[in-house]
Amino acid sequence: MSGAQPENSTGRKGKAVCALLLATSMFALLRPTALHAQETELRGEVSESAILSDQQRKARQLALAAQGQQPANAAQDNAPARTYLPASAGAVPDDTDTGDAIATGSLFDQPAATDDTSADIAAPPKPRRRSSTAGQNAAGQAKDKAADKSKKKKKSTADTSDITASTTDATDGEDTDADTANRRALTIDSADRQKLDPGAERTDAIEGQKKKPEDDPFAATGVKWGSFVIRPTIEQGLTATSNGDSSSAGTSALLSETALRFSAASDWRENSATIDGYGLFRETVSGYPVHDAQGRIEGQLNVDLDNELRAIAKLGYEAVPESASSPDAIAGVSKQPLRQTIDGSLAVEKHLGKMQYTLTGAVSHDFYGDAKLSDGTSLSQKDQDSTLYTATLRTGYEISPALTPFTEIEVGRRTYDQRIDNEGFERSSTRLGARAGLALDMGEKLSGEFSAGWLREAIDDKNLDAISGATVNADLKWSPERGTTIGLTGRTTVEPTTTSGESGDILYSGRLTGERQIRANLTANAALGLDWRDYIGIDGHDRVLSAEAGLTWWLNRYAGLTTRVRTEKLTSNLPGRDYTANSIFLGVKVQR
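Residues numbered from 1 in each chain as written. Predicted model: local features only at pLDDT ≥ 70, side-chain atom pairs only at ≥ 80, totals over all residues. Heavy atoms only, no water.

1. What about the overall build of the protein?
In plain terms, the rule: Only runs of H or I of at least four residues qualify as helices and only runs of E of at least two qualify as strands under DSSP, and these elements are numbered from the N terminus. For every residue, the accessible area (1.4 Å probe, protein chains only) is compared with the maximum for its type, and the residue is labelled buried under 20%, exposed over 50%, or partly exposed between those bounds. Reported accessibility uses the Shrake-Rupley method at a 1.4 Å probe radius. Residues are deemed covered only where the shown protein chains occlude them.
Counting secondary structure elements, the protein contains four helices and 22 strands. Counting across all 592 residues of the protein, residues that qualify as buried make up 27%. Carbon and sulfur atoms make up 56% of the accessible area of the protein, which totals about 37800 Å².

Structure follows, in structure tokens:
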């Protein structure tokens with residue numbers, strides 16, 4: 001047995017050598033297969049279980065991403081597949097390209113370039129065979145495998161963090177895409193649906209709107225007639241007076257007084273027209289007999305022409321009985337003669353810069369009726385019929401829109417229908433005058449004009465003195481506060497006469513008025529008057545003082561109660577002319 005043992009040991013050694021040679025041969029045969037797999041990019045067979053596991057992992061990731069959660073086993077599920085490395089270090093070329101790769105964690109993802117050859121998420125570029133692979137030894141291969149395993153362990157943690165960040169970014173991107181996908185789409189007509197202008201929005205019903213208060217809620221609304229708005233007014237009442245006809249012989253009386261007034265204004269686009277009129281009728285109810293009627297109507301047309309040119313036309317008619325206090329009144333008659341006047345004028349205004357020019361031509365014709373005497377006979381007054389023609393040139397300079405000083409030159413001729421009157425005098429005359437004044441335009445606060453000058457009317461008969469004297473004219477309105485209006489009017493009038501040996505007189509008339517709206521339906525008014533008559537050719541003069549106060553209380557917009565108190569006194573140095581008249585009126589006023 002001792003001799004057989006060496007044989008068995010030797011035999012075992014020989015078997016080991018044979019096994020080693022066989023293993024080496026098998027290793028040599030398998031080595032080209034691996035290199036060929038790199039050349040053809042084959043990784044070996046993939047089992048169905050691996051494919052199913054990959055699909056389930058993707059489904060879990062999508063479900064958790066939709067819920068905004070990160071899977072706890074992201075590091076395990078997202079573990080990259082091991083990349084094949086050749087046995088020899090020089091089997092594939094070094095990749096010098098740099099770039100970032102985002103791992104999808106799928107077996108079927110396309111390879112992406114990366115600068116880290118040990119990263120599992122990026123497939124290496126196609127390997128190229130080198131001629132030096134046969135010179136590598138087994139020790140170098142083992143060393144490379146050990147280093148590669150160490151690198152894999154270190155990279156696994158970094159890959160897990162990168163995959164987690166990638167999954168978070170993908171989740172945020174999916175949320176953003178979901179928000180964008182779920183955003184409400186614009187309608188086809190959204191571009192046309194713009195915010196409406198406040199003025200074009202639907203308004204509330206008229207009954208629900210807050211009405212703007214009227215400046216004068218009791219003012220006449222007027223009646224539409226064609227292109228005009230007419231505002232009629234009627235006033236009816238009783239007047240108790242101490243002097244029925246305001247004469248030196250007048251006594252007390254109770255009179256029925258009716259006053260009709262109207263105004264009409266056009267609503268044309270460019271030009272304008274106005275018509276105004278009044279009628280006053282007085283009849284005795286008891287006491288001193290009074291039966292008279294008077295009235296006037298006048299119209300005005302304003303036409304704007306080219307080149308700052310404007311035309312103003314006026315036409316009027318008046319019928320007034322001769323006043324018992326007039327210098328031409330006939331004593332001892334039952335009815336004074338009726339004086340009728342037709343007047344008209346045409347004016348042309350021209351503005352050149354700040355200069356203003358106005359040329360006015362006017363005609364006024366007076367004709368008288370017969371006077372009825374107390375015995376029933378009549379006395380003709382045809383010798384008083386006359387016509388006055390005048391032409392006035394006015395020149396103004398606009399210092400400011402509120403102030404315009406001006407001058408006027410007037411020439412005229414008065415002719416009598418009967419060249420020589422019943423007393424043998426030739427009454428026709430030539431008229432010449434000059435004035436200077438100031439026009440004011442400060443809106444509702446102050447407006448109007450005033451002037452002063454000299455006027456002379458020379459009579460053709462040398463036996464009669466010329467009528468001459470200073471003239472004062474004014475027409476101003478001042479409103480110190482809302483609801484209060486103060487007015488001042490002044491006028492100078494030449495009054496010719498047919499009295500034997502007399503030329504006539506100059507009458508200066510002034511009137512100061514005030515109106516106060518105490519309440520919306522209560523208005524108070526007052527007036528003060530002063531008249532001065534200077535006789536030419538004789539040493540005589542008249543002075544008339546008057547005062548008046550009244551109230552109007554409107555029951556509604558269309559009807560109201562009105563009352564006024566008036567006193568008037570004439571004082572003269574001529575005999576038989578003084579008188580005093582006091583009166584009170586109470587009536588009803590209706591307007592439309």
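There is more to say after this.
2. Let's talk about the pattern of salt bridges
Rules: Any carboxyl oxygen of Asp or Glu within 4 Å of a side-chain nitrogen of Lys or Arg constitutes a salt bridge here.
With the rule as written, the count across this model stands at 27 salt bridges. In this structure, the salt-bridge partner of Lys224 is Asp267, at a minimum N-O distance of 2.2 Å. In this pair, Lys224 is assigned in strand β1 (residues 223-225) and Asp267 in the loop between β3 (253-266) and β4 (272-287), connecting sequence segments 43 residues apart.

3. Remarks on the packing of aromatic side chains
Note the threshold: Aromatic contacts are taken between Phe, Tyr and Trp rings whose centres are within 6.5 Å, Trp giving its six-membered ring; a plane angle under 30 degrees counts as stacked, one over 60 as edge-to-face, and the others as tilted. Think of it as a cone above the ring: NZ of Lys or CZ of Arg counts as a charge over the ring if it is within 6 Å of the ring centre and within 35 degrees of the ring normal.
Tallied over the full model, the rule gives one aromatic pair. Ring plane angle 75° and centroid distance 5.7 Å describe the contact between Phe228 and Trp268, whose orientation is recorded as edge-to-face. Here Trp268 lies in the loop between β3 and β4 and Phe228 lies in strand β2 (residues 228-241), a separation of 40 residues in the sequence. Since its relative accessible area comes to 17%, Phe228 is described here as buried. Lying across the ring of Phe585, Arg564 places its NZ or CZ 4.1 Å from the centre.

4. Topic: the sheet that holds strand β11 (residues 378-379)
The strands making up a sheet are joined through hydrogen bonds of the backbone, oriented either antiparallel or parallel. The test is simple: Think of it this way: DSSP has to see at least two bridges between two strands before they count as a pair.
What the three strands build is an open sheet, ordered β7-β10-β11; its pairing is antiparallel. Two strands lie at the open edges of the sheet, namely β7 (333-335) and β11, each paired on one side alone. Pairing of β7 with strand β10 (residues 371-373) involves two bridges; the strand directions are antiparallel. Paired with Val333 across the strands is Leu373, a residue of β10.

5. Concerning the environment of Leu338
Put simply, the test is: Contact definition: two residues touch when any of their heavy atoms are within 4.5 Å.
Locating Leu338 in the fold gives a position in strand β8 (residues 338-352). A sequence separation of 32 residues divides Leu338 from Asp370, and the C-alpha atoms of the two residues are 7.3 Å apart. Discounting residues that sit within four places of it in the chain, Leu338 has contacts with Ala319, Val320, Pro321, Phe367, Tyr368 and Gly369.

6. Notes on the environment of Arg519
Residue placement: Arg519 occurs in strand β18 (residues 504-519). Each C-alpha atom, one on Arg519 and one on Trp554, is 10.0 Å from the other, the two residues being 35 residues apart in sequence.

7. Considering the nonpolar core
Test applied: Residues grouped as a nonpolar core are buried Ala, Val, Leu, Ile, Met, Phe, Trp, Tyr and Cys residues, joined through side-chain atoms within 4.5 Å.
With five residues, the main nonpolar core is built from Leu455, Ile467, Val494, Ile506 and Ile536. Leave out the neighbours within four places in its chain, and Leu455 touches Glu410, Arg431, Leu432, Gly433, Ile467, Ser468, Gly469, Thr471 and Val494.

8. Remarks on helix α2 (residues 48-66)
Selection criterion: One fewer than the residue count of a helix, multiplied by 1.5 Å, yields its expected span. The arc refers to the directions leading from the helix axis to the C-beta atoms.
Along its 19 residues, α2 runs 28 Å from first to last C-alpha, staying within 8% of the 27 Å computed at 1.5 Å per residue. Looking at α2, one finds that the buried residues are Asp54, Arg57, Gln61 and Ala65. The arc that holds the buried residues of α2, viewed along the axis, is 65°, so those residues lie on one side. Away from the buried face of α2 by more than 90 degrees, exposed residues Glu48, Ser49, Leu62 and Ala66 are located.

9. Looking at the pairing of strand β19 (residues 522-536)
Here 15 bridges tie β18 to β19, and the two strands are oriented antiparallel to one another. Bridge assignment links Leu512 to a residue of β19, and that residue is Leu528. Here β18 folds back onto β19 in antiparallel fashion, the turn holding two residues. Sheet topology note: the β19/strand β20 (residues 541-554) ladder contains 13 bridges and is antiparallel.

10. Looking at the side chain of Gln384
Positionally, Gln384 belongs in the loop between β11 and β12 (386-397). Discounting chain neighbours no more than four positions away, the residues touching Gln384 are Asp328, Asp366, Tyr368, Tyr416 and Thr498.

11. Comments concerning the side chain of Glu568
Basically, it comes down to this: For this analysis, a polar contact is any N or O atom pair within 3.5 Å, provided that within protein one partner can donate a hydrogen and the other can accept it, and provided that sequence-adjacent residues contribute only side-chain to side-chain pairs.
For Glu568, the location among the structural elements is in strand β21 (residues 559-572). With a relative accessible area of 15%, Glu568 lands in the buried category. At a separation of 2.6 Å, a polar atom in the side chain of Glu568 contacts the side chain of Arg566. A polar contact of 2.4 Å, which involves the side chain of Glu568, links it to the side chain of Tyr579.

12. Examining the pairing of β4
Note on strand geometry: in a regular strand, side chains alternate between the two faces of the sheet. As defined by bridge partners, β3 adjoins β4 across 13 bridges and the pair is classed as antiparallel. Note on β4: the bridge partner recorded for Thr258 is Phe281. With antiparallel pairing between neighbouring strands as the criterion, β3 and β4 make up a hairpin whose turn holds five residues. Pairing of β4 with strand β5 (residues 291-305) involves 12 bridges; the strand directions are antiparallel. Paired with Thr274 across the strands is Gln300, a residue of β5.

13. Comments concerning unusual backbone geometry
For Ser246, which is not glycine, the phi dihedral falls at a positive 55°. Secondary-structure assignment places Ser246 in the loop between β2 and β3.

14. What about the environment of Arg577?
Mapping Arg577 onto the fold places it in the loop between β21 and β22 (579-591). With a relative accessible area of 15%, Arg577 lands in the buried category. Those residues within four positions of Arg577 in sequence are excluded, and the remaining contacts are Ser325, Ser326, Pro327, Arg533, Tyr535, Asp542, Leu570 and Ser572. At a separation of 2.7 Å, a polar atom in the side chain of Arg577 contacts the main-chain carbonyl oxygen of Ser325. A polar contact is formed between the side chain of Arg577 and the side chain of Asp542, at a distance of 3.0 Å.

15. Section: the confidence of the model for the protein
The predicted coordinates ought not to be read in detail in places where the model reports low pLDDT. For clarity, the threshold we go by: Along the chain, pLDDT gives the predictor's confidence residue by residue, from 0 to 100.
Put simply, the protein has an average pLDDT of 79, and 69% of its residues get 70 or more. In the model, residues 95-140 has pLDDT below 50 throughout and makes 68 contacts with residues more than four positions away in sequence or in other chains. When the criterion is pLDDT under 50, residues 151-178 qualifies, and its contacts beyond four places in sequence or with other chains add up to 19 contacts.

16. Looking at a nonpolar patch on the surface
Let me state the cut-off plainly: Patch definition: residues with relative accessible area over 30% and no salt bridge; like charges joined within 9 Å; nonpolar side chains (Val, Leu, Ile, Met, Phe, Trp, Tyr) joined within 5 Å.
Taken together, the side chains of Ile234, Leu260, Phe281, Trp553, Leu555, Leu561, Val588 and Val590 define a hydrophobic patch exposed on the protein surface, amounting to about 680 Å² of accessible area. Within the element layout of this structure, Leu555 appears in the loop between β20 and β21.

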